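Structural overview for review
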Amino acid sequence: MRNIKLINKEWRFLKDAKEPPKSLPESGAALDLPYTWNGKDGQDGGNDYYRGKCFFAKELKSTDMPAGDVVYLQLDGVNSSAEVFWNSKSIARHDGGYSTFRVKLGEIKENNLLVISADNSPNEFVYPQQADFTFYGGIYRDVLLVGVPKQHFDLDYYGAPGVMVTPTVNGTGADISAQAFCEGVVTFEIIDNGTVIAVQESAGKNPKVNIKLENVHLWDGVKDPYLYTLRAVLKDGGEELDEVNVRFGIRSFEVDPQRGFVLNGREYPLRGVSRHQDRPEIGNALTVEHHKEDIELICEMGANTIRLAHYQHAQAFYDLCDERGLIVWAEIPYISRHMPQGTDNTVSQMKELVYQNYNHPCIVTWGLSNEITMAGAKDESLLENHKVLNDLVHSIDKTRPTTLAVITMCSPDEEYAHLTDIVSYNHYFGWYGGNVSMYGPWFDKFHKKYPNRAIGISEYGCEALNWHTSAPEQGDYTEEYQAYYHEELIKQISARPWLWATHVWNMFDFAADARSEGGENGMNHKGLVTFDRKYKKDSFYAYKAWLSDEPFVHICSKRYVDRVEDTATVKVYTNQPQVELFVNGESIALQQRGEFPFFTFEIANVGESKIVAKAGEYEDSAVIRKVDTPNEAYVMQSEGDVINWFEIETPAGYYSVNDTLGDIMKSFKGKLALISMIPAVKAALSPKGSGKKDKKKGGGMSLAGFTINKTMIDMAKGFSLKRAFSMAGNLFSKEQIISINKKLNNIKKPKNL
């Protein structure tokens with residue numbers, strides 16, 4: 001029978017070696033796996049983290065090997081390319097840093113040297129190479145030895161478990177199709193809660209069976225994620241040679257353009273988050289406990305779906321999603337930049353993703369790519385690559401649809417946006433341009449124009465650190481703006497149940513070493529929870545109030561204690577029907593819930609106030625304090641000058657840098673002011689324009705490969721002038737911005753603004 005041994009302990013690590021060692025090196029660092037060499041330099045900013053080839057070496061005695069006629073090495077994650085050396089001989093190479101692969105070991109001697117190279121060097125043929133996250137190098141998941149008899153379930157089959165199970169609901173019963181990848185006689189058993197309820201045998205090459213079950217217990221999402229087990233045993237005569245056990249769930253689902261996601265015959269809107277897996281200092285080198293903590297936080301929030309971006313995640317995490325009933329979008333790292341030399345790699349990574357994860361009931365769609373049209377959507381090579389992937393997935397899995405995560409600039413009319421069965425869009429209205437009110441109308445327009453096309457939101461979000469304000473605005477990185485942003489998105493999503501899935505970007509802050517935003521380099525702060533998983537931002541509780549049945553009450557802006565205003569706004573989130581607010585022991589107000597679970601109170605800000613919010617038997621508390629001058633600890637820090645909300649004069653009826661470019665352009669004097677101040681704006685406003693004519697679209701303007709469309713123009717107009725200044729880096733000093741603001745203060749707004 002099969003024997004498995006974990007060999008994560010006692011490795012030697014060589015960072016600067018030019019070639020694999022011929023013997024166990026004495027100079028290398030001693031360490032245990034999993035490990036990444038980018039745990040620190042991949043998270044500190046500067047986009048200068050080490051990307052190259054490193055070696056891991058381990059000595060294995062014959063007595064260390066698991067019993068079996070044949071021994072395989074299994075690597076669950078080596079980023080991003082790996083080469084395996086056994087006793088100084090190269091025996092395998094693998095390109096793709098997020099999937100399992102195996103290699104059969106050669107002759108086993110009394111003393112053996114295993115060397116594995118991990119290489120995350122830039123290249124033009126392994127994805128990803130351009131993306132907004134750190135590509136951690138290393139062996140960051142488990143390494144195992146698998147001993148099997150000569151006759152065994154196929155361990156060379158794309159890193160897959162060796163058995164595929166396809167349940168089909170049939171009335172109150174189900175038809176279970178199972179196939180084993182091996183040659184010989186296989187007994188298939190279905191086990192329900194420890195009891196064998198069905199047995200069937202089949203023989204030959206890759207034997208199959210079809211088993212009928214009556215009165216099945218459905219896998220029914222977060223409410224009842226029921227799992228069965230299929231045990232496949234390979235036999236020779238009466239002897240059991242090898243065994244594989246896989247869990248599966250019986251469920252039906254469809255994605256309907258009008259009804260949204262439908263699970264087991266009922267409408268089941270998918271509302272949840274995307275997840276990046278990394279953590280402080282350890283990067284992607286996670287333990288099972290880390291995965292469990294992430295699942296607990298996601299479930300606490302009330303999510304019923306996760307987009308596992310932008311690569312294959314650990315099997316332990318898919319298992320947890322099965323167990324907790326979370327619906328999963330799984331995808332490969334075909335992202336940002338199409339590489340003509342990378343087609344074979346997209347195919348191999350897709351095969352591994354599908355074959356390795358086919359049995360997970362949590363997965364309902366396979367994602368082909370993410371924002372891959374950043375340079376335009378008309379590249380024939382890019383389109384052909386997607387058609388190859390789409391056909392490939394359908395040939396392997398006829399039970400799940402394919403999908404795409406499309407970037408805003410890509411028009412819904414592009415061929416690319418219609419290649420897959422279903423589709424979602426990544427939009428950041430209200431953060432990278434435009435405003436939060438644009439979401440609903442954009443999706444309504446898509447839904448009206450393409451009523452037979454299921455549409456969802458694959459990414460939306462904004463960044464928040466420990467900065468605070470009483471006047472939140474786009475681009476300020478405050479917890480208050482992030483909370484406002486997500487409140488508005490919740491309202492718009494709620495009104496559109498036909499959105500098949502919506503995924504917040506992101507559940508957790510994550511490392512992106514090229515970033516320099518928000519006052520902390522190397523990080524993307526769009527998470528609802530901080531990178532270390534220690535602090536749940538207010539926006540986390542907005543979703544918990546909307547999605548979760550677990551009773552609670554939460555006062556927002558707890559970290560915003562010192563306030564200058566005379567009247568302070570207190571915001572409360574709860575899923576309970578009413579909230580009573582107390583200030584220093586005195587009841588101030590009792591509010592009933594409206595359509596959404598967001599409550600707002602105004603209180604006098606005098607001295608120090610202890611605030612208590614009570615919702616039934618649940619309560620939460622906070623403290624605010626009246627101060628004369630703003631607390632600088634709440635103000636975003638950066639290398640350049642920072643201009644804050646309280647430094648900007650905004651006289652009623654007159655413009656300021658807080659107004660949007662679109663609103664300022666509605667006034668002739670405002671337009672002249674913009675032209676005189678900003679050369680770039682002057683060029684954009686020129687009738688001739690600075691883009692190229694797109695002949696295929698009747699002479700429209702194009703930018704970076706995209707035909708300039710109304711969405712792009714509306715996004716640009718939606719920027720406040722202050723936000724545009726901040727996006728321009730240090731081109732404008734604080735003094736210049738204040739001076740420009742004074743000039744705008746002299747220009748009257750039209751009466752309709």
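Below or above, wherever it landed, is the structure these notes cover. All of these numbers come straight from a predicted model, not from anything done at the bench.

**Regarding the overall build of the chain**
Helix and strand counts for the chain stand at 13 helices and 46 strands. Projected onto its principal axes, the C-alpha coordinates of the chain cover approximately 90 × 60 × 55 Å. Burial status across the chain gives 58% buried among its 753 residues. Look at the contacts in the chain between residues 6 or more apart in sequence, and 69% of them connect residues 24 or more apart. Looking at charge distribution, the chain has the averaged site of its 83 positive side-chain charges lying 6 Å from that of its 100 negative ones.

**Points about the packing of helix α5 (residues 439-449) against helix α6 (residues 479-494)**
Two measures define how a pair of helices packs: the angle their axes make with one another and the distance between the axes. Axis separation between α5 and α6 bottoms out at 9 Å; the angle between their running directions is 30 degrees. The angle between the axes of α5 and α6 places the two elements in the roughly parallel class. Pair α5 / α6 crosses with right-handed handedness. Counting all contacts with α5, which are made through Tyr439, Gly440 and Pro441, the residues of α6 involved are Tyr485, Leu489 and Gln492. Across the contact of α5 with α6, the residue classes tally to 4 nonpolar, 2 polar and no charged.

**With respect to the packing of aromatic side chains**
Under the definition given, this model contains 40 aromatic pairs. Taking 5.9 Å as the distance between ring centres and 20 degrees as the angle between the ring planes, the aromatic pair formed by Trp329 and Trp500 counts as stacked. Of this pair, Trp329 sits in strand β28 (residues 327-331) while Trp500 sits in the loop between α6 and β33 (501-504), and the two are 171 residues apart along the sequence. For the pair formed by Trp329 and Trp500, the shared burial category is buried.

**Thoughts on the pairing of strand β26 (residues 270-275)**
Within β26, 6 of the 6 residues are buried, which leaves it mostly tucked inside the rest of the structure. Pairing analysis gives 4 bridges linking β26 to β33, with the strands arranged parallel. The partner of Leu270 across the bridge, within β33, is Ala501. Judged from the 3 bridges that link them, β26 and strand β27 (residues 305-308) form a sheet pairing that is parallel. Within β27, the position partnered with Val273 by the bridge is Ile306. Assessed by its sense of winding, the connection that carries the chain from β26 through helix α1 (residues 288-301) to β27 is right-handed.

**Structural notes on the packing of α1 against helix α2 (residues 315-324)**
Where α1 meets α2, the closest approach of the two axes is 10 Å, and the angle between their N-to-C directions is 35 degrees. Note that α1 runs across α2; the crossing there is right-handed. Residues His291, Lys292, Asp294, Ile295, Glu296, Ile298 and Cys299 of α1 form the contact with α2, whose participating residues are Ala316, Phe317, Leu320, Cys321 and Arg324. Split into classes, the residues belonging to the contact of α1 with α2 amount to 7 nonpolar, 1 polar and 4 charged.

**Details of the pairing of strand β29 (residues 363-370)**
For β29, the buried fraction is high: 8 of the 8 residues fall into the buried class. In this fold, the crossover linking β28 to β29 by way of helix α3 (residues 343-357) has right-handed handedness. Relative to strand β30 (residues 402-407), β29 runs parallel, the two being bridged by 3 bridges. For Gly367, the partnering residue across the bridge sits in β30 and is Thr403.

**With respect to a negative patch on the surface**
Residues Asp379, Glu380, Glu384 and Asp391 make up a contiguous surface patch of negative charge. Relative to the helices and strands, Asp391 resides in helix α4 (residues 380-396). Residue Asp391 is classed as exposed on the basis of its relative accessible area of 53%.

About the thresholds
Residues numbered from 1 in each chain as written. Predicted model: local features only at pLDDT ≥ 70, side-chain atom pairs only at ≥ 80, totals over all residues. Heavy atoms only, no water. Helix = DSSP H or I, 4+ residues; strand = E, 2+ residues; numbered from the N terminus. Buried < 20%, exposed > 50% of the residue type's maximum accessible area, 1.4 Å probe, protein only. Contact = heavy atoms within 4.5 Å. Lys, Arg positive; Asp, Glu negative; His and termini not counted. Charge placed at Lys NZ, Arg CZ, Asp CG, Glu CD. Axes fitted to C-alpha atoms, helices over the stretch in contact; angles between N-to-C directions. Parallel < 35°, antiparallel > 145°, perpendicular 65-115°, else oblique. Left-handed = near helix turned anticlockwise from the far one by under 90°. Nonpolar A, V, L, I, M, F, W, Y, C, P; charged D, E, K, R; others polar. Phe/Tyr/Trp six-rings, centres within 6.5 Å; stacked < 30°, edge-to-face > 60°. Pairing = 2+ DSSP bridges. Right-handed = clockwise from strand over helix to strand, strands pointing away. Patch = residues over 30% accessible without salt bridge, like charges linked within 9 Å, V, L, I, M, F, W, Y side chains within 5 Å. Areas by Shrake-Rupley, 256 points an atom, 1.4 Å probe, with all protein chains shown as cover. Salt bridge = Lys/Arg side-chain N within 4 Å of Asp/Glu carboxyl O.

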